[in-house]
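Structure assessment
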Amino acid sequence: MTQDLERKAKKVIRKLLEHGYEAYMVGGCVRDKQLNRPVKDYDIATAAKPEQVQQLFQRTIPTGLQHGTVSVRMDDCLFEVTTFRTESGYEDFRHPTEVQFIDSLYEDLRRRDFTMNAMALDIDGHLIDPFDGVNDMKKNLLRCVGDANERFQEDALRMLRCIRFASQYGLEIENQTWLALLKQAPLLEHIAMERVRMELERMIAEAAPAHAVQLLEGSRLLDYVKQSLRLADLNQEKLSGDWSTLNDPLLKWAYLYLSMGVSAAETEQELRALTFSKQQVEQVRQVIAAAHELSRQLALEPNEDGLQQAWKLTVISYGQESIVGLHQILQASPGVLTELGVADKWSKSLITCGLTWLKDMPVHSLEELDLGGRELLARLSKPAGPWVSKVLAHLLRETALKRLANESDLLLAEAERFYESIIQQESGAHEHK
Ligand SMILES: Nc1ccn([C@@H]2O[C@H](COP(=O)(O)OP(=O)(O)OP(=O)(O)O)[C@@H](O)[C@H]2O)c(=O)n1
């Protein structure tokens, strides 16, 4: 797949060369090839101006003409072809505020972020590495090209990229680069939260998120982003267990907020500020709300039976997906609920028995009840009202806890009894008034 992609990228380069324009593979693809890592996409830098690229290729998309980028479709693949450029002032590396096209590959590479990202490959596979990127990679060093202060001033997001690359590739940040990062950190306030989120998402999703957290904590970068974040308080020492093994990245996010004891509502607010999608926010929020519910229920009856009951009640309130997620988090980090007041011995029992208890439940949600709302209304022949959902919630609870069999006739009898008690309670409350 990668080879095929590379072959097509070379076709693009060859065509540019045939028409007299210098062209190279640049950026992440060169770095990843040197490291024998899979290459996701091949970016091409060329001396051809955007309109010349457009003339040369049949199928192009003007991705960012003013910044010199044209996407070229070669066979079934898209390649970003960018004219050599220098820039002053960046909103984004891809969207610098002022662009000056130039003739030299060297000048183009000179303005890139890190030495390992400032290399190029020509069509014959010769490496152009003017800033010693390969050497730095051999030494496991992440270093800015030239003056690190200038590189971070050009685009403050590069500071988060620095942490992301260091954790993703297991690199040490070179001293001058680190000092510049500490100095320029306040510039992060100019960066859109969406871009911040994209970097954080990648840091957390990667295999070594603990390293990223350690660097975030050490640099205090998150103190400076546009909106204040609880995430800035992440404390490495509190993150116990091997949470990097959680396979769903969103569970890693839930884990982080749980470990800080942040409420579901506050987490929701923060993830929204970070521009996560509604669906992502909801998935994380549910897991956190489930954990809080579990701890609240357990506090009412803090013994083995109470634990099992609390677990099952949490299932019916927050669904199986959330509880399975919570179970995975517990497995990865058994101490994660300490901030919520759940003692370690209960967490251990949940890790051992949680999934068995889940399987053991005859019903997990209203859909599994042998009596639906419509049937309940028809068979009780009472006028519809808020009592319907109260009765159904009661039936679900009783069947989930195995105090009632999931059979429609039995459910109906219990529904009738419970309905009467609601009515009595309501009329009692009425008389009281
Ligand atoms: N703020 C930025 C962003 C990007 N780049 C340059 O643009 C290249 C491509 O950027 P991007 O596609 O964002 O990242 P990759 O380096 O390809 O790595 P990854 O895909 O893993 O993010 C980088 O290698 C780097 O040379 C930069 O100098 N400064």
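Computed from a prediction, not measured in an experiment: that's the story for all the values here. (Residues numbered from 1 in each chain as written. Predicted model: local features only at pLDDT ≥ 70, side-chain atom pairs only at ≥ 80, totals over all residues. Heavy atoms only, no water.)

**Quick word on the nonpolar core**
The biggest cluster of nonpolar side chains holds 130 residues, and the ones touching the most others in it are Leu16, Leu231, Trp253, Leu274, Leu337 and Leu376. No other element matches helix α14 (residues 304–332), which puts 11 residues into this core. Those residues in contact with leucine 274 that sit more than four places away from it in its chain are Met193, Val196, Arg197, Leu200, Leu229, Leu231, Trp253 and Tyr257. By size, the runner-up hydrophobic cluster in this structure holds 12 residues, among which are Phe84, Leu105, Phe131 and Val145. (Core = buried A, V, L, I, M, F, W, Y, C linked by side-chain atoms within 4.5 Å. Buried < 20%, exposed > 50% of the residue type's maximum accessible area, 1.4 Å probe, protein only. Helix = DSSP H or I, 4+ residues; strand = E, 2+ residues; numbered from the N terminus. Contact = heavy atoms within 4.5 Å.)

**Some points on the sheet that holds strand β1 (residues 23–26)**
Strand order in the open sheet made by the seven strands is β3-β4-β5-β2-β1-β8-β9, with mixed pairing throughout. Each edge of the open sheet carries a strand with a single partner, namely β3 (60–64) and β9 (127–128). The pairing of β1 with strand β2 (residues 43–46) spans four bridges and is classified as antiparallel. By the bridge assignment, valine 26 is partnered in β2 with aspartate 43. Helix α1 (residues 2–18) contacts β1, β2, β4 (69–74) and β5 (77–83) of the sheet and is inclined by roughly 40° relative to β5. (Pairing = 2+ DSSP bridges. Axes fitted to C-alpha atoms, helices over the stretch in contact; angles between N-to-C directions.)

**Observations regarding the confidence of the model for the protein**
The share of residues in the protein with pLDDT of 70 or more is 97%, and the mean pLDDT across the chain is 94. Predicted as a complex, the structure gets a pTM of 0.91 and an ipTM equal to 0.98. (pLDDT = per-residue confidence, 0-100.)

**Looking at the packing of helix α11 (residues 249–259) against α14**
One way to put it is that α11 packs onto α14 with a least axis distance of 10 Å and a crossing angle of 70°. Our classification of the angle between α11 and α14 gives roughly perpendicular. Handedness of the α11/α14 crossing: right-handed. Residue-level contacts link Leu251, Ala254, Tyr255 and Leu258 of α11 to Gly325, Leu326, Gln328 and Ile329 of α14. (Parallel < 35°, antiparallel > 145°, perpendicular 65-115°, else oblique. Left-handed = near helix turned anticlockwise from the far one by under 90°.)

**Here we look at the UniProt feature "domain: CCA-adding enzyme C-terminal" (unreviewed entry) in the protein**
The sites that carry the UniProt feature "domain: CCA-adding enzyme C-terminal" (unreviewed entry) are, in the present numbering, residues 251–414. Helix makes up 71% of residues 251–414 and strand 0%. Its end C-alpha atoms lie 38 Å apart. (UniProt positions renumbered as here; feature names shortened; annotations may be inferred.)

**Structural notes on the pairing of β3**
As defined by bridge partners, β3 adjoins β4 across three bridges and the pair is classed as antiparallel. Opposite threonine 60, over in β4, you have valine 72 as the bridge partner. Linkage of β3 to β4, two consecutive antiparallel strands, is achieved through a turn of four residues, within which glycine 68 is found at a positive phi near 90°.

**Description of the domain arrangement of the protein**
The assigned domain composition of the protein is domain 1 (1–131), domain 2 (140–229), domain 3 (273–360) and domain 4 (367–432). Each of domain 1 and domain 2 has a C-alpha centre, and these two points are 24 Å apart. Facing 21 residues of domain 1, the contacting portion of domain 2 comprises 18 residues. Buried surface at the junction of domain 1 and domain 2, summed over both partners, amounts to about 1600 Å²; 53% is from carbon and sulfur atoms. If you sort the residues of domain 1 by the area they bury against domain 2, Asp113, Phe114 and Met116 come out on top, with a joint share of 36%. The tally of links between domain 1 and domain 2 comes to two salt bridges. Across the domain 1-domain 2 interface, the total number found is seven residue pairs in polar contact (both at pLDDT 80 or more). If you list the elements that add at least two residues to the side of domain 1 that touches domain 2, you get α2 (28–34), β6 (85–90) and α4 (105–110). (Domains from an automatic or database assignment. Buried area = accessible area lost by both parts, 1.4 Å probe. Salt bridge = Lys/Arg side-chain N within 4 Å of Asp/Glu carboxyl O. Polar contact = N/O pair within 3.5 Å; in protein donor to acceptor, adjacent residues only side chain to side chain.)

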